[in-house]
Amino acid sequence: MSGAVLCLAAFGLAACGAGGSAPEAALLKDQLLEPGPLGEREYGNRNAPVTIIEYVSLTCPYCRAYHAKVFPRVKRTYVDTGRVRYIIREFAIGQTAGAAAIVTRCAPKSQYLPLIEAYLSRQREWVSQDVRKDALYKIAKTSGMSRAQFDKCLSNQSIIDGLTEVKQRGRKFGVVGTPTFFINGQKLQGEVTFEQIKALIEPQAS
């Protein structure tokens, strides 16, 4: 087993869509907003009255469904209008998801969200028990990444360590599966609907 794959194992295991309890929302609000070691990937108005934090694993079918059906509406209705600040954090479940997460962090910031959505929407092309580098690169190159950059990226220890810390912090906040959302500290998890998210945003977004 290569050193890069051994490092990926540090991401550990969790469950896609698993349930779990979270610490009190009031306690979370400040702690959750502390940026991770790699910096945040965020969208919308930084001073918006509502902040949504999404923990995502790129191999998770619930995450794929959310980004296909719900996220576009959340982005159009709340993020693009300045009412919500939206932060995406990686919570890789397994080595394959870990490899894809590393690649998204090597891409330019402007390509991060398009690459996240490409990996989610094209899961059938690359998700497997083993890390399939060629399949991962086929999607990564849409961001302008060369094969040499891609190969070097997968062994970037600072990114691996940073993503591991992001996941460990997520666990402290009660994240045990994906997708998990914190809306001003209030937790939603699993197969959520736009209506569920709207119900938490609207009382706070005016």
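Preceding block: the structure.
Residues numbered from 1 in each chain as written. Predicted model: local features only at pLDDT ≥ 70, side-chain atom pairs only at ≥ 80, totals over all residues. Heavy atoms only, no water.

**What to know about the nonpolar core**
So, point 1. Counting residues in hydrophobic clusters, the biggest one holds 46 residues, and the most contacted among them are Ile52, Tyr66, Tyr86, Tyr119, Ile197 and Ile201.
So, point 2. With 7 residues, the single largest contributor to this core is helix α6 (residues 109-121).
So, point 3. Aside from chain neighbours lying at most four places away, what touches Ile52 is Val74, Val84, Arg85, Tyr86, Ile87, Phe181, Phe182, Ile183, Ile197 and Ile201.
So, point 4. Counting residues in each nonpolar core, the second largest holds 10 residues, with Leu32, Ile53, Val166 and Phe182 among its members. (Core = buried A, V, L, I, M, F, W, Y, C linked by side-chain atoms within 4.5 Å. Buried < 20%, exposed > 50% of the residue type's maximum accessible area, 1.4 Å probe, protein only. Helix = DSSP H or I, 4+ residues; strand = E, 2+ residues; numbered from the N terminus. Contact = heavy atoms within 4.5 Å.)

**A short note on the side chain of Thr51**
So, point 1. On the secondary structure map, Thr51 appears in strand β3 (residues 50-56).
So, point 2. Beyond its immediate chain neighbours, meaning those up to four positions away, Thr51 contacts Leu33, Arg85, Ile87, Phe182, Ile183 and Asn184.

**Observations regarding the state of the cysteines**
By definition, a disulfide links the sulfur atoms of two cysteine residues through a covalent bond.
So, point 1. The final tally for this structure, using the stated rule, is 1 disulfide.
So, point 2. Cys63 takes part in no disulfide bond, and the closest cysteine sulfur, belonging to Cys60, lies 3.5 Å away.
So, point 3. We classify Cys63 as buried; its relative accessible area is 0%. (Disulfide = S-S within 2.5 Å.)

**Topic: the pairing of β3**
So, point 1. Counting buried residues in β3 gives 7 out of 7 residues, a clear majority hidden from the surface.
So, point 2. Because side chains alternate across β3, one face comprises the buried residues Val50, Ile52, Glu54 and Val56, and the other comprises Thr51, Ile53 and Tyr55, equally buried.
So, point 3. Pairing between β3 and strand β4 (residues 84-90): 7 bridges, direction parallel. Among the inter-strand pairings, Val50 is bridged to a residue of β4, identified as Val84. (Pairing = 2+ DSSP bridges.)

**A few points about the pattern of salt bridges**
So, point 1. For the coordinates displayed, the defined rule picks out 10 salt bridges.
So, point 2. Salt-bridge contacts for Glu42 lead to Arg85; the nearest nitrogen and oxygen are separated by 2.9 Å. A residue pair is termed long-range when its members are at least 10 positions apart, and Glu42 in strand β2 (residues 41-44) and Arg85 in strand β4 qualify at 43 residues.
So, point 3. Classification of Arg85 as buried rests on a relative accessible area of 11%.
So, point 4. In this structure, Arg73 engages Glu195 in a salt bridge whose closest nitrogen and oxygen atoms are separated by 3.7 Å. Within this pair, whereas Arg73 is found in helix α4 (residues 71-79), its partner Glu195 is found in helix α11 (residues 194-201), the two being separated by 122 residues in sequence.
So, point 5. With relative accessibility at 48%, the residue Glu195 sits in the partly exposed group. (Salt bridge = Lys/Arg side-chain N within 4 Å of Asp/Glu carboxyl O.)

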